[in-house]
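Close look at the chain arrangement
Letter by letter, the chains look like this.
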Amino acid sequence: MTDTPDTPDTPVTLITGGGSGIGAAVARRLLDAGQRVAVTGRGEARLRAFSAELGHPEGLLTIQGSTAEHAQVVAAVEATLKEFGRLDTVVANAGFATHDSVAEGDPAGWTEMVLTNVLGPALLIRASIDALKETRGRIVLVGSVAGFVNTPGNIYGATKWAVTGLAENTRREVTQWGVGVTLIAPGRVETPFWEATGSLPPGELLTADQIADSVVWAMTQPAGVDVNTVVVRPLGQPN
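Residues numbered from 1 in each chain as written. Predicted model: local features only at pLDDT ≥ 70, side-chain atom pairs only at ≥ 80, totals over all residues. Heavy atoms only, no water.

1. Quick notes on helix α4 (residues 110–135)
Compared with the 38 Å implied by 1.5 Å per residue over 26 residues, the 36 Å span of α4 between its first and last C-alpha is a close match. At Ile129, α4 shows its maximal bend, which comes to roughly 55°. Within two residues after α4, Arg136 carries a phi angle of roughly 50°, on the positive side. (Helix = DSSP H or I, 4+ residues; strand = E, 2+ residues; numbered from the N terminus. Expected span 1.5 Å × (residues − 1). Bend = angle between axes of the 7 residues up to and from the residue.)

2. Regarding the nonpolar core
Core analysis: the biggest nonpolar cluster contains 30 residues, and Ile15, Val37 and Val39 have the highest contact counts within it. For this core, the secondary-structure elements that each account for two or more residues are α1 (21–32), β2 (36–41), α2 (44–53), β5 (138–142), α6 (208–219) and β9 (229–232). Residues Leu14, Leu61, Leu123 and Ile125 belong to the second largest nonpolar core, which totals 26 residues. (Core = buried A, V, L, I, M, F, W, Y, C linked by side-chain atoms within 4.5 Å. Buried < 20%, exposed > 50% of the residue type's maximum accessible area, 1.4 Å probe, protein only.)

3. Brief notes about the side chain of Thr170
Position of Thr170 relative to the elements: it lies in helix α5 (residues 155–174). A relative accessible area of 7% places Thr170 in the buried class.

4. Examining the sheet that holds strand β3 (residues 60–64)
Taken together, the 7 strands give an open sheet; going across it, the order is β3-β2-β1-β4-β5-β6-β9, and neighbouring strands pair in parallel fashion. A strand with exactly one partner marks an edge of an open sheet, and here the two such strands are β3 and β9. Sheet twist, expressed as the average angle between the axes of neighbouring strands with direction ignored, equals 15°. Of the strands in this sheet, β1 (12–15), β4 (89–92), β5, β6 (180–186) and β9 touch α6, which is tilted by about 165° from β6. (Pairing = 2+ DSSP bridges. Axes fitted to C-alpha atoms, helices over the stretch in contact; angles between N-to-C directions. Contact = heavy atoms within 4.5 Å.)

5. Thoughts on the pairing of β5
A regular strand places its side chains so that they alternate between the two faces of the sheet. Along β5, 5 of the 5 residues are buried, which leaves the element largely enclosed by surrounding structure. Burial along β5 is two-sided: Arg138, Val140 and Val142 and Ile139 and Leu141, pointing in opposite directions, are all buried. Inspection of the sheet shows β4 paired to β5 by 4 bridges, in the parallel sense. Bridge assignment links Val91 to a residue of β5, and that residue is Val140. Following the chain from β4 across α4 to the adjacent parallel β5, one finds a crossover that is right-handed. (Right-handed = clockwise from strand over helix to strand, strands pointing away.)

6. Comments concerning the layout of surface pockets
Each pocket or cavity is described by its volume, and for the second largest pocket that value is around 430 Å³. Taken together, 20 residues make up the lining of the second largest pocket; nearest its centre are Arg136, Gly137, Arg138, Ala223 and Val225. Its residues placed into classes, the lining of the second largest pocket shows 7 nonpolar, 9 polar and 4 charged. (1 Å grid on protein atoms, 1.4 Å probe; cavity = no way out; pocket = protein on both sides within 12 Å on 5 of 7 lines; lining within 4 Å. Points joined across faces, edges and corners; volume = space filled by probe spheres on them. Nonpolar A, V, L, I, M, F, W, Y, C, P; charged D, E, K, R; others polar.)

7. Description of the pattern of salt bridges
All told, the structure shown has 9 salt bridges when counted by the stated rule. Linking Arg29 and Asp213 is a salt bridge whose minimum nitrogen-to-oxygen distance equals 2.7 Å. Of the two residues, Arg29 sits in helix α1 while Asp213 sits in helix α6, which places them 184 residues apart along the sequence. With relative accessibility at 29%, the residue Arg29 sits in the partly exposed group. On the accessibility criterion, Asp213 (39% relative accessible area) is partly exposed. Through salt bridges with shared partners, a single ionic network connects Arg29, Asp209 and Asp213. (Salt bridge = Lys/Arg side-chain N within 4 Å of Asp/Glu carboxyl O.)

Here it is in structure tokens:
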């Protein structure tokens, strides 16, 4: 990986949950394209390892913090602006599932999941919108096919239905300022998302790199084009 040119016009993207999975794949794509990238994550060790894996490029800023804490989200945006001087895109990627159901699951994990998956993207939008107005930038929300298809008792799915609604509600407000909004809704993807279950789901899976391709494609459309909803399933996934 080559160092990213540090020029005032080089685009800047802030990615939450960017140390692994889809977020990390997007960061790699953008850095390879010569952009500058800030990634956030709760685990400092994971962020350090990600930066080391890439050779500590000049164009990468890592920021430890929670996406569900307003002050920490504001601090991440401010750190990105201080380091790079602008902000063109935010990618609300951080999220996780408790992999249980509303009737039989353990409520102990639900609060953190709802705050991370639903409040987190909203806080990122609020913290970054002024900077995005200046660049006529883009908000990318990583949702899920689970936000379009009902499955029995699925609380995670309910959080992603909320993200689906948040994307369109946000678009209707920020489009007046020239800011675009894209919802990327993946089907089954081979990422650390499944670690809590102990195994990958059956059938074909997408890769994080394939979803990153969709994110970057939406980000790099010509000026005036606003790609709003992209649903990406592996071939063979029925729901």
